[in-house]
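A closer look at the structure
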Amino acid sequence: MNDPAMGRHFAIVAVRFTGIAFILLGILALRGAIDLADGVGYVLIAVGLLEVFLVPMILVRRWRTPRQ
């Protein structure tokens, strides 16, 4: 199967998973489990939230099939 929609779906899912990973790393940094500054933790959480909520919507709009 060579369906471009399947590849796009997997790309959106991958972006969401990396966003979740960033959020978790940020939380670990804020809790002190990882040796990172608090500011880095806040940045990781902010970037992760953008990747989970904003970037998939941008990709969906970009890849939407044009109306006839």
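What comes next concerns the included structure. (Residues numbered from 1 in each chain as written. Predicted model: local features only at pLDDT ≥ 70, side-chain atom pairs only at ≥ 80, totals over all residues. Heavy atoms only, no water.)

Before going further, it helps to spend a moment on the overall build of the chain. In terms of helices and strands, the chain carries 2 helices and 0 strands. Judged by the C-alpha coordinates and their principal axes, the chain covers about 55 × 25 × 10 Å. Buried positions account for 21% of the 68 residues belonging to the chain. Counting contacts in the chain only where the partners sit at least 6 residues apart, residues at least 24 apart contribute 56% of the total. Summed over all atoms, the accessible surface of the chain reaches about 5,500 Å², with 67% contributed by carbon and sulfur. Across the chain, the 7 positively charged side chains and the 4 negatively charged ones have centroids separated by 18 Å. (Helix = DSSP H or I, 4+ residues; strand = E, 2+ residues; numbered from the N terminus. Buried < 20%, exposed > 50% of the residue type's maximum accessible area, 1.4 Å probe, protein only. Contact = heavy atoms within 4.5 Å. Areas by Shrake-Rupley, 256 points an atom, 1.4 Å probe, with all protein chains shown as cover. Lys, Arg positive; Asp, Glu negative; His and termini not counted. Charge placed at Lys NZ, Arg CZ, Asp CG, Glu CD.)

To continue, consider the environment of Val55. Inspection of the secondary structure puts Val55 in helix H2 (residues 38-63). Accessibility expressed as a relative area gives 28% for Val55, which makes it partly exposed. Val55 sits 40 residues away from Val15 along the chain, and the two C-alpha atoms are 7.6 Å apart. Excluding its chain neighbours within four sequence positions, the residues that come into contact with Val55 are Val15 and Leu50.

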